[in-house]
Amino acid sequence: MDCDELSMALPRYPNGPKADPMKPDYANPDFWDARFQDTEGLFDWYATYDELNDTFEEFCPIKSHCEDSLLVVGCGNSAFSAELHGAGYQHITSIDISNSAISKMKQLFDRPGMTWQVMDATAMTFDGDSFHLAVDKGTLDAMMSPGTNEFAGAMLEEVWRVLRPEGLLIVVSHSGKRLQLLKSHGTWQCLEIRKCRLSPQATFINMLRCKLPPGAPLKDALQQPQLLQEAAEEAKQALRRMAFLDAFRIFKARKQAQAGHIQEAEEEPPGEAGEAVSNGSNGSDPRRQPFCWIYVLRKVV
Ligand SMILES: C[S@@+](CC[C@H](N)C(=O)[O-])C[C@H]1O[C@@H](n2cnc3c(N)ncnc32)[C@H](O)[C@@H]1O
């Protein structure tokens, strides 16, 4: 079966909930395919390997895990898989439901040890226990956008199935309120929940989006130099703030490690800005949040 046939055979969620017509239809595979057809180049949601590498080094250091098999779930046109490979992980399989995304990535990164496959993350064709580590950056969030957990739950169960016992799942999300969902699909031990600064590119785009009228395309900002300048200044400030908080977190983690204190995160951090992201109820614009959340989970059997 080639990419086109497989893509045709993939489910289009015919009976899925209808998304808000004012918002991008992130849970609809057709939305993504159309988007990747029209997009050139690479784009990473939330964060790049630069922002995430300390988490990888802490939980699956390249030195001892370079031979592990990694699964990137919903890779889109992100440089992340290639960055992981460049950093030293040698076996990386990246899947996405979008045929356009996968064929572009295959052309760009046709490297030994990197495999690209069109595949629905809610119904994977891999054997059980195939991977040591799975990474999701933004795909779980996309699946939850119509306000249901149905697809996200199916994806998590699949990830759990294809991971080896003790295998790790790293989820990068805009929300600090995902633990309950994660824990209700598969048996996981939560090793860590932490904030991570957004990449400069993602921060700048978020700031631009806040300034544009709802639904306006980003390219509208190009005709407004004042707006671009304000967004750049706000992004700079947000990045400075997050760099400071990051340095503090790393310092604290080192101190805890020196004291032999291993903390298992069982509860989600209360009252954080992640709350605003999940429900927007406190009136602040969640897109101004200059960080995302990282969850590190271990498959328990
Ligand atoms: C928010 S984007 C994140 C892309 C990439 N992980 C990143 O960090 O830039 C969500 C991705 O999930 C993919 N996706 C959506 N539903 C999917 C599914 N059922 N199976 C596999 N991929 C899916 C989309 O095509 C898109 O590439």
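Conventions we followed
Residues numbered from 1 in each chain as written. Predicted model: local features only at pLDDT ≥ 70, side-chain atom pairs only at ≥ 80, totals over all residues. Heavy atoms only, no water. Helix = DSSP H or I, 4+ residues; strand = E, 2+ residues; numbered from the N terminus. Buried < 20%, exposed > 50% of the residue type's maximum accessible area, 1.4 Å probe, protein only. Contact = heavy atoms within 4.5 Å. Areas by Shrake-Rupley, 256 points an atom, 1.4 Å probe, with all protein chains shown as cover. Phe/Tyr/Trp six-rings, centres within 6.5 Å; stacked < 30°, edge-to-face > 60°. Lys NZ or Arg CZ within 6 Å of the ring centre and 35° of its normal. Axes fitted to C-alpha atoms, helices over the stretch in contact; angles between N-to-C directions. Parallel < 35°, antiparallel > 145°, perpendicular 65-115°, else oblique. Left-handed = near helix turned anticlockwise from the far one by under 90°. Nonpolar A, V, L, I, M, F, W, Y, C, P; charged D, E, K, R; others polar.

### Looking at the overall build of the protein chain
Step number 1: The number of helices and strands found in the protein chain is twelve helices and seven strands.
Step number 2: Counting the 301 residues in the protein chain, one finds 46% classified as buried.
Step number 3: Considering only contacts in the protein chain between residues 6 or more positions apart, those separated by 24 or more positions represent 75%.
Step number 4: Split by element, the accessible area of the protein chain, about 15100 Å² in all, is 54% carbon and sulfur.

### Some words on the packing of aromatic side chains
Step number 1: As enumerated under the stated definition, the model contains 15 aromatic pairs in all.
Step number 2: Between Y26 and W32, the ring centres sit 5.6 Å apart and the planes meet at 25°, which makes this aromatic pair stacked.
Step number 3: A relative accessible area of 22% means that Y26 is categorised as partly exposed.
Step number 4: Here the aromatic residues Y26, F31, W32, F36, F43, W45 and Y46 are joined through ring pairs into a cluster of three or more.
Step number 5: It is K137 that lies over the ring of F80; its NZ or CZ is 5.3 Å from the centre.

### Focus: the packing of helix α10 (residues 200-211) against helix α11 (residues 225-258)
Step number 1: At a closest axis distance of 8 Å, the pairing of α10 and α11 adopts a crossing angle of 130°. When the axis of α10 is compared with that of α11, the two are oblique. Regarding α10 and α11, the two cross each other, and that crossing is right-handed. Taking contact as the criterion, the partners of P200, T203, F204, M207, L208 and K211 in α10 are, on α11, L227, L228, E230, A231, A232, E234, A235, A238 and L239.
Step number 2: In terms of residue class, the contact of α10 with α11 is built from eleven nonpolar, one polar and three charged.

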